Amino acid sequence: MNKYLREFLFKNSLMVCALVSLAGLAAIVWFLFQEGFPVLQHVSIKDFLTGQDWYPTENPPSFQILPLIAGSIAVTICASVLAIPLGLMTAIYLSHIASPKVRAFFKPCIELLAAFPSVIIGFIGMAVLAPVIQTITGAPTGLNVLNASILLALMALPTICTISEDALRSVPNHMKEASLAVGATNWETLTKITIPGAASGISTAVMLGMSRVIGETMVVLMAAGGAAIIPETIFDPARPLPAAIVAEMAEAPFRSSHYHALFATGIVLFLFTFAFNLVAFKISKKYKLQAS
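Numbers given to residues run from 1 along each chain, matching the order in which its sequence is written. The predicted nature of this model means local features are confined to residues of pLDDT at least 70 and side-chain atom pairs, given and counted, to a pLDDT of 80 or more, with totals for whole chains, interfaces and linings taken over all residues. To obtain the side-chain values, all non-hydrogen atoms of the structure were included, while hydrogens and water were left out.

Just to check I follow, could you spell out empty space enclosed by the protein for this structure?
A probe matching the size of a water molecule, rolled over the atoms, marks out where space remains unfilled. Computed over the protein atoms alone on a 1 Å grid, cavities are sets of points where a 1.4 Å probe fits but cannot get out and pockets are open sets with protein on both sides within 12 Å along at least five of seven lines; a residue lines them when it has an atom within 4 Å of a point. Grid points are joined across faces, edges and corners, and a volume is the space filled by probe spheres set on the points. This structure, assessed with the given rule, holds one cavity of 30 Å³ or more. Taken as a whole, the largest cavity spans an internal volume of roughly 30 Å³. Taken together, S72, V75, T76, V213, I214, E216, V220, P240 and P242 make up the lining of the largest cavity. Put simply, DSSP marks the helices as runs of H or I at least four residues long and the strands as runs of E at least two long, and each gets a number from the N terminus on. When contributions to the lining of the largest cavity are tallied by element, the ones reaching two or more residues are α3 (66–97) and α9 (199–215). In this count, Pro and Cys sit with the nonpolar residues alongside Ala, Val, Leu, Ile, Met, Phe, Trp and Tyr, while Asp, Glu, Lys and Arg are called charged and the others, Gly among them, polar. Residues belonging to the lining of the largest cavity are distributed by class as follows: six nonpolar, two polar and one charged.

So what exactly am I meant to see when it comes to the packing of aromatic side chains here?
Any pair of aromatic rings gets described here by the distance separating the centres and the angle formed by the planes. Two rings belonging to Phe, Tyr or Trp (six-membered ring only in the last case) form a pair when the distance between their centres is within 6.5 Å. Interplanar angles under 30 degrees mark stacking, angles over 60 mark edge-to-face geometry, and anything in between is tilted. As enumerated under the stated definition, the model contains eight aromatic pairs in all. By way of ring pairs, the aromatic residues F31, F254, Y259 and F263 are connected into one cluster.

Is there a simple way to think about α9 in this case?
Since the α-helix advances by 3.6 residues per turn, residues separated by three or four positions end up pointing in the same direction. Multiplying 1.5 Å by the helix residue count minus one yields the expected span of that helix. The terminal C-alpha atoms of α9 lie 24 Å apart, and with 17 residues this matches the ideal 24 Å at 1.5 Å per residue to within 8%. The buried fraction of α9 amounts to 12 of the 17 residues, a majority that puts the element mostly inside the structure. Only protein chains enter the accessibility calculation, which uses a 1.4 Å probe; a residue whose area is less than 20% of its type maximum is buried, one above 50% is exposed, and one in between is partly exposed.

Is there a simple way to think about the nonpolar core in this case?
Residues belong to one nonpolar core when they are buried, are Ala, Val, Leu, Ile, Met, Phe, Trp, Tyr or Cys, and are joined through side-chain atoms within 4.5 Å. Of all hydrophobic cores here, the largest spans 25 residues; its most connected members are A83, L151, L152, A156, M210, V213 and V219. Those elements that place two or more of their residues in this core are α3, α5 (118–137), α6 (145–169), α9 and α10 (218–223). A total of nine residues in this core trace back to one element, the largest contributor, which is α6. Once you skip the residues sitting within four places of it in the chain, A83 turns out to touch A153, A156, L157, I160 and M210. When checking whether two residues touch, look at their non-hydrogen atoms; a contact exists if any pair is within 4.5 Å.

Would you take a moment to explain the packing of helix α7 (residues 173–181) against helix α8 (residues 186–197) for this structure?
Two packed helices can be described by the angle between their axes and the distance between those axes. Axis lines are fitted through C-alpha atoms, for helices just across the contact stretch, and the angle between N-to-C directions can take any value from 0 to 180 degrees. Relative to each other, α7 and α8 sit at 135°, their axes nearing to 10 Å. The angle between the axes of α7 and α8 places the two elements in the oblique class. Read as a crossing pair, α7 and α8 show a hand that is right-handed. In contact with M175, K176, S179 and L180 of α7, α8 contributes N186, T189, I193 and T194. Orientation categories follow fixed angle ranges, with anything under 35 degrees roughly parallel, anything over 145 roughly antiparallel, 65 to 115 roughly perpendicular, and all other angles oblique. When the near helix sits turned anticlockwise from the far one by under a right angle, the crossing is termed left-handed; a clockwise turn instead gives a right-handed crossing.

Is there a simple way to explain the environment of H260 in this structure?
One can find H260 in helix α12 (residues 257–291). Under the relative-accessibility criterion, H260 is labelled buried at 9%. Sequence separation between H260 and P60 is 200 residues, and the spatial gap between their C-alpha atoms is 15 Å. When residues no more than four places from it in sequence are discounted, the contact partners of H260 are E35, G36, P38, V39 and R255.

I'm lost on the environment of N186 in this one. Help?
Relative to the helices and strands, N186 resides in helix α8. On the accessibility criterion, N186 (61% relative accessible area) is exposed. Once the C-alpha coordinates of N186 and P131 are considered, the two residues, 55 residues apart in sequence, prove to be 43 Å apart.

The structure is reproduced here in structure tokens:
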């Protein structure tokens, strides 16, 4: 077999792998929309998205997912507020302040958080964190938005910290040395040179970390409280979109209105995550262009 034939086979095998991945994605999206659209026979799009009554087992059933959307938005925002600053500050410390020995110890420990199964983290939230939150805050229940947000922030932390730290360390040394050479302080060099130079990688880290938060199922199912209501404070229980799908799909009769409503909920979650990733991609691309 000559080298040209090997190159041809190798190139085309990679193309086939890419097409298979694309076909799998298209099949999933097609199936999701095929199973979700029939719910429109029972409820209008406006009522489905803006109504506040999610009672799928009543007679007649009510399929209105605004409380589920509000729950997803609440835990995502709260987890972002906790995870993004903590992850970025940890990355800055590991990349520019910590000694090599400290970095060699702390970085694997942080990355080890990603190895914990989500069900274990959810169980810790139920058995350990929920009673603490209820005792300290006096909330009616410890299974609430705050509990789920803390756990989701811990799950997103390794991704945000690791990728951000790699991005900060990849900024060319000559840029930092030039800044220091003209009299800039370490803080000025960090804020004016290093962080802007690593902005593309940092935005990618935030995107990947928050993508896991948006789609996480087991933690929000176990720790958010499971109440299909619009949370007014972080101490209220909530039922985000993934939790509703996984909790009710096993009980929904096949091809029933409840079944189709859950698939329609999955479509909303898919569009929600797609929009988030699209915005994050645009931001990352913008910083890449600025850095270049």
